[in-house]
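# Close look at the chain arrangement
In case you want the letters, here they are:
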Amino acid sequence: MTNRELIQRALEAQKMAYVPYSEFPVGAAVLTTSGKVYTGCNIENASFGATNCAERTALFKAISEGEKEFDIIAIVGDPKAFTAPCGICRQVLVEFGLEIKVILAKSVEQYKEYTMEEILPLSFTPKDLENKGGSA
Ligand code: THU
C-alpha cells in the first residue's frame with residue numbers, strides 16, 4: 001500500500017461524510033501494521049457535540065475489528081489546505097503509538113507526513129498509567 005493509494009482511500013471515504021451543518025467533509029484511511037486499511041468519514045449530528053471526526057471513525061472501525069497496531073493514517077479535508085486532526089483525534093491516535101505516521105493530504109500528489117510525536121508532543125499515553133498507585 002503506497003501513500004498515494006492510502007490517500008486515495010481517504011478521498012473515497014470523504015465522499016461518504018455526513019456534514020449537513022459544517023459542509024466540511026473529511027476522510028481518513030488508517031493502515032494497520034498487518035496491511036489492512038480501514039476508512040472513515042466525519043458524521044455530524046443535530047446535537048453538534050455528538051459529531052464524530054473522520055479519524056476516529058476510521059480508528060474505531062479498526063479497533064472494533066480487533067486491530068491495535070497502526071502504521072499510517074491519511075487525512076483529507078479542504079483540498080486547498082492541509083487539514084490536521086483535532087485535539088481529541090490526536091489523543092485517540094496517540095493511545096496507539098507515538099510512532100504512527102500522519103499524512104495530511106490535499107490530493108494524492110500533495111501531502112505532508114508527520115509522526116504522532118511531532119503533532120502531539122508531551123502527550124499523556126498509556127505509559128503514564130504504568131505506575132498508578134505507586135509512590136515514587
Ligand atoms: N473534522 C474531522 O472530521 N476531523 C478533524 O480532525 C477536524 C474536524 C470534522 C468535524 C466536523 O464534522 C467538521 O470537520 C467541522 O469541524
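Structure shown above.
The structure contained in this document is the topic of the report that follows.

What counts and how
- Residues numbered from 1 in each chain as written.
- Predicted model: local features only at pLDDT ≥ 70, side-chain atom pairs only at ≥ 80, totals over all residues.
- Heavy atoms only, no water.
- Helix = DSSP H or I, 4+ residues; strand = E, 2+ residues; numbered from the N terminus.
- Buried < 20%, exposed > 50% of the residue type's maximum accessible area, 1.4 Å probe, protein only.
- Pairing = 2+ DSSP bridges.
- Core = buried A, V, L, I, M, F, W, Y, C linked by side-chain atoms within 4.5 Å.
- Phe/Tyr/Trp six-rings, centres within 6.5 Å; stacked < 30°, edge-to-face > 60°.

## A closer look at unusual backbone geometry
Residues other than glycine seldom take positive phi values, yet Glu23 does so here, at roughly 55 degrees. Inspection of the secondary structure puts Glu23 in the loop between helix H1 (3–14) and strand E1 (27–32). Of the residues examined, Glu23 reaches a relative accessible area of 63% and is grouped as exposed. Positive phi outside glycine occurs at Leu122, with the angle close to 55 degrees.

## Quick word on the pairing of E1
Among the six residues of E1, six are classified as buried, and the element is accordingly described as predominantly covered. Here E1 shows two buried faces, one formed by Gly27, Ala29 and Leu31 and the other by Ala28, Val30 and Thr32. Of the pairings in the sheet, the one linking E1 to strand E2 (residues 37–41) comprises five bridges and is antiparallel in character. Paired with Ala28 across the bridge in E2 is Gly40. Where E1 folds back on E2, the antiparallel hairpin that results is connected by four residues, among which Gly35 adopts a positive phi of roughly 95 degrees. Relative to strand E3 (residues 70–76), E1 runs antiparallel, the two sharing six bridges.

## Some remarks on the nonpolar core
The nonpolar side chains of soluble globular proteins are, as a tendency, buried together. Residues Val30, Leu59, Phe70, Ile73, Ile75, Val102 and Met116 are the most contacted members of the largest nonpolar core, which totals 20 residues. Those elements giving two or more residues to this core turn out to be E1, helix H2 (54–64), E3, helix H3 (87–94), strand E4 (101–105) and helix H4 (116–119). Of the residues forming this core, the biggest block, four residues, is contributed by H2. Grouped together as the second largest cluster of nonpolar side chains are twelve residues, Ile7, Val37, Ala74 and Val108 included.

## Remarks on the packing of aromatic side chains
Per the stated rule, a full pass over the model turns up two aromatic pairs. Where Tyr21 meets Phe48, the ring centres are 5.5 Å apart and the plane angle is 45 degrees; that geometry is what we call tilted. On the criterion of sequence distance, the pair formed by Tyr21 in the loop between H1 and E1 and Phe48 in the loop between E2 and H2 is long-range, its members being 27 residues apart. Overall, the relative accessible area of 42% leaves Tyr21 in the partly exposed class. Classification of Phe48 by relative accessible area gives exposed; the value is 58%. For the pair Phe70 and Phe96, a centre-to-centre distance of 5.7 Å together with 90 degrees between the ring planes defines the contact as edge-to-face.

Function cannot be read off these values alone, since they describe shape.
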